[in-house]
Amino acid sequence: MANWVSSAISFIAQCAASGIVEKIVEMGLSYLGKHMLPDDSEEALRRVKAALPQIRAVMVVAEALKMKDPSSSEWVQQFREAVDAAEDVLDELEYKKLKDMVKNRNKVGQSSSSSKKKTKRCAISGDIVERLKEAVTMLDQAVAGVERLLQHADRLGIHYLSESRVEVGTDLIRETTSILTQREVIGRDVEKGKILDWLKQPTQAQLSSFGIFGVGGLGKTTLAQFAYQEIHGLSYFQNIIWVCVSTDFSVKAITAKMLAELGGSSRGDNPLNVLQQSLKEMILSKKILLILDDIWEDKKREDLEQLISPLRFAQHGSKIIFTTRMKSVSDLLASVIDTEHKSLALGKMGEQELQLIFNSYAFNGFNPNNYGNLQAIGDQIVEKLQGSPLLAKVIGSLLNSHMDQPYWRRILNHDSLINLDQANNHVMEVLKLSYYNLPANLQVCFRFCSIYPQDYMFDKNELIEMWIASGFIPTQSCHDKNQNDIGEEYFNYLLRKSFFEKEYSWYYEEDRYVMHDLMHELAQNVSYGECCRVEQNDKPIVIPSTVRHVWVYESEIARLSNLENMRSLVITTSNSNLFVLPNYLIKRSLRLLKIHGDCSCKLPKEINSLVHLRYISIELWNEYLVPASIYNLYHLQVLELIGDRDESSYAEIKNYSMANLVCLRYMRVPDQIMQTIFGIHMLTSLQELTFFVGQNGGYSLNEIGPLDNLRCLAICNIENIRNAVEVRTAKLIEKKNLQSLSLKWASESNLNNPEQIIDNLQPNPNLMELEIEKYTGQRSPLWMMGDKPPLNLSSLKLYKCPNLNKQPIFGKIPNLKILHIHCCPKLEKLPDLPLSLTELEVNDVGLTSLPNLYQIFGINNSTPSSLKSSLKSLEIKECPNLISLSGFVQQDNLDLQGLEDLTIENCKNLAQLSMHAFNKFMSLEYLSISFCPNLIRLPCLPLSLIKFAISNMSISVLPEHLESSSSSGSTSTSSLKSSLREVSIQSCPSLSALNGFFQQDNIDFQAINTIDIIKCENLVPIPMGAFSKFVSLTYLTIVNCPKLVIVEYHNNLLPSRLESLFISNCGELDVPLLDSASGLTSLTELTIGDSANITHIPSSQNLFRSLCSLTIKGCSKLIDLSLIQQAHNVDHGNNSASLRVNDLNIDQLSLLLIEPLRSLRSVSELYVHDCSRMEALPEQWFLQNSSTLRSLRIANLSTLQSLPATMVRLIALEVLDILKADLLLELPELPVSLKFKNICGSGKRQL
């Protein structure tokens, strides 16, 4: 009950802050006056209006009142029901007003006076008038209790001090356009090291686990994410799977998530057996890492066993990391997996590390040295945070908005911090402190997010649109601002205060947002009775009748039957049947309806009775059927139809007019529907539109003319525009709200004087983003080239403009940040670019040189002695006319220290790079140069460089590192550290030696972990210790360098940490490298190929103790040796029996006859590429691996007529794949463990 009171009181505060009650009063007086209702209703409304200051007072004391006396529930419930009832009635009146307006507008020839008269007479019915009177009476009665509530608060010692909260806007948020980027992991170095060491440590266990447990807010998920990022892209695991488990432990749901991570079908309607079989097939014989985040289940052992069972079919060495708040979960999972297990009890973070986190949030945007008094208070606050990184982050964010000593002391002395040591749920109490310090209108926005599933990755723009549809950002609060702008300010404020976190989604390939699990728990706590999420197969819970916003699974939808005042409904469908919205939901006062999932969906015709509906989103993989009656939803603001569909899915609606939806702001529908809409010009509320110009008198641009609220507009099929007169009817220059404009021709054919057309498509100067595609004119539009270009333009993208040869004066666009020019081959020169530019891409452009960068100056046009560029990313591709990187790269007075990423590709005539070109790039991290055959030398590399990649180059000398990190130089260079981690040198035939930075002894190269040298045919000497000095080197690949020789041979060619070695056709270097590898204890992957020198394979126990994968191909002398050893029955002793490897990939089966392969006893996967010289399989070898061999793949068994009868004894075999076995006529009895069999090219097709 207390939690419901909290959300209800917050609702009162939100009503006062957003002006809902004022709106009800003013609209009610207006309607009642028109219909001459009794004076008592008007007097009641005036009493409500007079009580508004007291309602605001309740808002101020609401938090303290909630804490001291939850018994005020009766009054707040009465107030809420009265507001909802009045708002619904007034909304219906507005609906009827819109309906009459549409009807009158659609009546051709009817006079405006008669229409006006009819509207006044029919706009309100007797039933609605009575309901309005009842609602006003309820509101009057509720307001009568406000004074008593304030008196009660005063008796409790809660005093009203006239401190009203300030609504969030640009005045409160200092950085409205900035979003906090994810900080690197601070602290926990010991824990991070333990996890990474365990991940990299070879193991013979098939499946091992590592549990991270500890109370909430200590950073368990952060550590798991750190492990994922560090290991991602490396070769330890073939697949890395991340699954958030949370409190809803469902074997089926978790298995489906694993499949989705692997790219498989994860339909929720599939039986568990089907899902687990699919999972088993996808991970079969693959080495995987599974991360299970936030597990709570510690009782149902059988469920955990069922979850783990398919994972046992993965390759040996697969691993599981899991996080949990409970040690009991860690112990149970360890016993279920029943192999190697380690656990990490995450304790409180050290105070010094915690201080770093706190300061990074509390002083974000400020210099801490200027706030010594606050630092002292901050130190005391950190002492009370119980070693919790989450609390440091949240409290730091809270304090960041109030950089004054009294406020910091008030937080320091707050009960939630004072009682941390005594409170059992101290973290939640501190989080509530942060929540109650939010403005009331942000509290309701945050509470709404509790309907999301835990760890759900949500889209910012979608959430803002849902807030607007739900009435959380009413138009009265926007004044001259757009609701979306206000919503973005709200969102950024919550993000900045750490209620949300930004996280990159690999699935969507863009940034999404999540709530920390404790923040999600907080949202659920404070929204009880207002918001609810009903999970599939959820435990029976009581859903309060007061709930307004719901997320529900289809199977549980009947549990919503008692919700009479539901306003938001999100439905997740979960089976392949047709889902029809039930009638008992159609009668509700819904504002928002979202249906998404796997099934087909049908909206009934009765959908038009949802007269309050603002938002419809149907996102389904199968078809959806939408009735034409949706065009009676005059309040509708968002219509979104996404998913797979055919013509029948929208056949019913495309012939009807969508122009009735006069409030529609976003219309995201298939192109087939967009091209059949009549009367787009009447949708004057639209903010986003993709408009297709029709042929032969079809859709004309005059349809766009009246749409003054557009913020994002794409005009397609511009070639169908008939003349410049038609273009001017679009009135783009008058659209002050337009921020993004795309002008697209369907083909690059030259039609209808494109220059004249684009000249007349002039947008308003407020435009921020412009994209032009397949424009065939020779010059840019005049409005980009004159004296008054769009000054606010920040992004310009030009794609596939084949004739373009003259560009605008970019220097006159002071805010330009992004410039992309692709496929403009006739564009030979760019004008000067502004210093504001952060990202420049030129691809398939006829440039002969790069432009300069300059600042926009005043009237005197004076040039400062030094200019600072904002450029961070430069990409130059397919520019055949570019001879040198001149322009801004060689601009003497230009500071380019911000450049981080430089890519040059396929510039065939690029022949010159100044030897000092990179001196300016002191922050450069990624450098990639490829397919520039005339570029024979590179400048020195900055120490900041992380990745260096060159390919298809004619360079003969590798670049060196700059030996000074500053222009002034340094007398001592012994301590200089290189940031270089990855080096890739490919297809450089003129390179004859590993010189350059490879020979710099005065640079510390401890960061390098990957070196690839591929296809450098004339590379000859390898200096002694060329690789061993890279002490962190983990991956080394040398392929197709046939002339390599070593200057001086010694046993330590390779660093001890090396984990992967790939050598193939590398001259005389192969044997020394292989011998050196025999002493490595961390090597997990060894590949040997195309060597005529290798006559043996090292049998070192150190090597085979860690080795997991061994590949041997094209080693002719090893093949000859195998025949000799077979003839003489050579035995290398008993120690070879302990040599182990999991995956063996060889090109000749006869290699199994030589040591140490002959004695291997734990191989799980064997792949043989060519068995054409074998007449029989080595039975003894297969028998000694019978208990571990799970996958056998053999190709080209052209001489083999039968398989041995002992095949049935391969008790672990699950996959048998034999190709080109033309003489194989029958198979022996096979083991019962076999799951997959494929015999191809045999005498009998089916064996």
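Please read these numbers as outputs of a predicted model, since none were measured by experiment.

(A) The arrangement of the overall build of the protein chain in detail. A tally of helices and strands in the protein chain yields 33 helices and 45 strands. Burial analysis of the protein chain (1247 residues in total) assigns 55% to the buried set. Taking the contacts inside the protein chain whose residues are at least 6 apart along the sequence as the reference set, 63% of them involve residues at least 24 apart. In the structure as shown, the protein chain presents an accessible area of about 51,500 Å², 47% of it carried by carbon and sulfur atoms.

(B) Main features of the state of the cysteines. Applying the stated criterion across every chain, the model contains 0 disulfides. Unpaired in terms of disulfides, Cys1115 finds its nearest cysteine sulfur in Cys1066, a separation of 9.9 Å. Owing to a relative accessible area of 3%, Cys1115 belongs among the buried residues under this scheme.

(C) Structural detail: helix H15 (residues 351–362). In this model H15 runs 16 Å from its N-terminal to its C-terminal C-alpha over 12 residues, within 8% of the 16 Å that 1.5 Å per residue would give. Leu354, Gln355, Ile357, Phe358, Tyr361 and Ala362 are the residues of H15 that are buried. Buried residues of H15, seen end-on, are gathered within an arc of 165° and therefore sit on one face of the element. Of the surrounding secondary structure, the elements contacted by the buried residues of H15 are helix H16 (372–383), helix H17 (389–400) and helix H18 (405–412).

(D) Fine view of the sheet that holds strand S5 (residues 341–345). Taken in spatial order, the 5 strands make up an open sheet running S2-S3-S4-S1-S5, and their pairing is parallel. Of all the strands in the sheet, just strand S2 (239–246) and S5 have a single pairing partner and so form its edges. Taking each pair of neighbouring strands and ignoring which way they run, the sheet shows an average axis angle of 15°. In this sheet, strand S4 (residues 318–324) lies alongside strand S3 (residues 288–295) in parallel orientation, the contact comprising 5 bridges. By the bridge assignment for S4, Leu290 is matched with Ile320. On the sheet, helix H9 (residues 189–200) packs against strand S1 (207–213), S3, S4 and S5 and is oriented at approximately 155° with respect to S4. In the packing of helix H14 (residues 327–337) onto the sheet, the strands contacted are S1, S3, S4 and S5, and the crossing angle to S4 comes to about 160°.

(E) Focus on the packing of aromatic side chains. If you walk through the whole model with that rule in mind, you get 29 aromatic pairs. Seen in terms of ring centroids, Phe458 and Phe500 are 5.2 Å apart; in terms of plane orientation they differ by 75°. Their pairing is edge-to-face. One end of the pair, Phe458, is in the loop between helix H21 (440–448) and helix H22 (460–469); the other, Phe500, is in the loop between helix H23 (483–496) and strand S6 (501–505), with 42 residues separating them in the sequence. With respect to burial, Phe458 and Phe500 carry one shared label: buried. Among the aromatic side chains, those forming a connected cluster through ring pairs are Tyr452, Tyr456, Phe458, Trp467, Phe491, Phe500, Tyr513 and Trp551. Lying across the ring of Phe226, Lys192 places its NZ or CZ 5.1 Å from the centre.

(F) How the structure looks around the packing of H15 against H17. Direction vectors running N to C along H15 and H17 enclose 30°, while the axes themselves pass 7 Å from each other. Classified by the angle their axes make, H15 and H17 are roughly parallel. As H15 runs across H17, the sense of the crossing is right-handed. Between H15 and H17, the contacting residues are Leu354, Ile357, Phe358, Tyr361 and Ala362 on the first element and Pro389, Ala392, Lys393, Ile395, Gly396, Ser397, Leu399 and Asn400 on the second. Class assignment of the residues belonging to the contact of H15 with H17 gives a composition of 9 nonpolar, 3 polar and 1 charged.

(G) Quick look at the pairing of strand S7 (residues 510–514). Across 5 bridges, S6 lies against S7 in antiparallel orientation. Bridge pairing links Lys502 to Tyr513 in S7. With antiparallel pairing between neighbouring strands as the criterion, S6 and S7 make up a hairpin whose turn holds 4 residues, including Glu509 at a positive phi of roughly 55°.

(H) Region of interest: the pairing of strand S39 (residues 1085–1089). Of all 5 residues making up S39, 4 are buried, and the element is well covered by its neighbours. This β-α-β element, strand S38 (residues 1060–1064) to helix H30 (residues 1070–1077) to S39, shows right-handed connectivity. Pairing geometry for S39 and strand S40 (residues 1109–1113), over 5 bridges, is parallel. Of the residues in S40, the one forming a bridge with Leu1086 is Leu1110.

(I) View of the nonpolar core. Counting residues in each nonpolar core, the largest one holds 209 residues, and the members touching the most others are Leu560 and Phe1027. Those residues in contact with Leu560 that lie beyond four places of it in its chain are Val534, Ile543, Val550, Val552, Met566, Leu569, Leu585 and Arg588. Counting residues in each nonpolar core, the second largest holds 69 residues, with Phe446, Phe499, Tyr513 and Leu518 among its members.

(J) Representation of the pattern of salt bridges within the structure. Under the counting rule described, the total for this entry stands at 26 salt bridges. One salt bridge in this structure joins Asp91 and Arg614, with 2.7 Å as the shortest N-O distance. Of this pair, Asp91 sits in helix H5 (residues 73–106) while Arg614 sits in the loop between strand S13 (600–602) and strand S14 (615–620), and the two are 523 residues apart along the sequence. The burial state of Asp91 is the same as that of Arg614; both residues are buried. Where Lys877 meets Glu875, a salt bridge forms, and the shortest distance between an N and an O atom there is 3.7 Å. Of the two residues, Lys877 and Glu875, neither departs from the other in class, the shared state being buried.

Cut-offs and rules
- Residues numbered from 1 in each chain as written.
- Predicted model: local features only at pLDDT ≥ 70, side-chain atom pairs only at ≥ 80, totals over all residues.
- Heavy atoms only, no water.
- Helix = DSSP H or I, 4+ residues; strand = E, 2+ residues; numbered from the N terminus.
- Buried < 20%, exposed > 50% of the residue type's maximum accessible area, 1.4 Å probe, protein only.
- Contact = heavy atoms within 4.5 Å.
- Areas by Shrake-Rupley, 256 points an atom, 1.4 Å probe, with all protein chains shown as cover.
- Disulfide = S-S within 2.5 Å.
- Expected span 1.5 Å × (residues − 1).
- Arc of directions from axis to C-beta.
- Pairing = 2+ DSSP bridges.
- Axes fitted to C-alpha atoms, helices over the stretch in contact; angles between N-to-C directions.
- Phe/Tyr/Trp six-rings, centres within 6.5 Å; stacked < 30°, edge-to-face > 60°.
- Lys NZ or Arg CZ within 6 Å of the ring centre and 35° of its normal.
- Parallel < 35°, antiparallel > 145°, perpendicular 65-115°, else oblique.
- Left-handed = near helix turned anticlockwise from the far one by under 90°.
- Nonpolar A, V, L, I, M, F, W, Y, C, P; charged D, E, K, R; others polar.
- Right-handed = clockwise from strand over helix to strand, strands pointing away.
- Core = buried A, V, L, I, M, F, W, Y, C linked by side-chain atoms within 4.5 Å.
- Salt bridge = Lys/Arg side-chain N within 4 Å of Asp/Glu carboxyl O.

Honestly, that's just the spatial picture; any functional story needs more than this.
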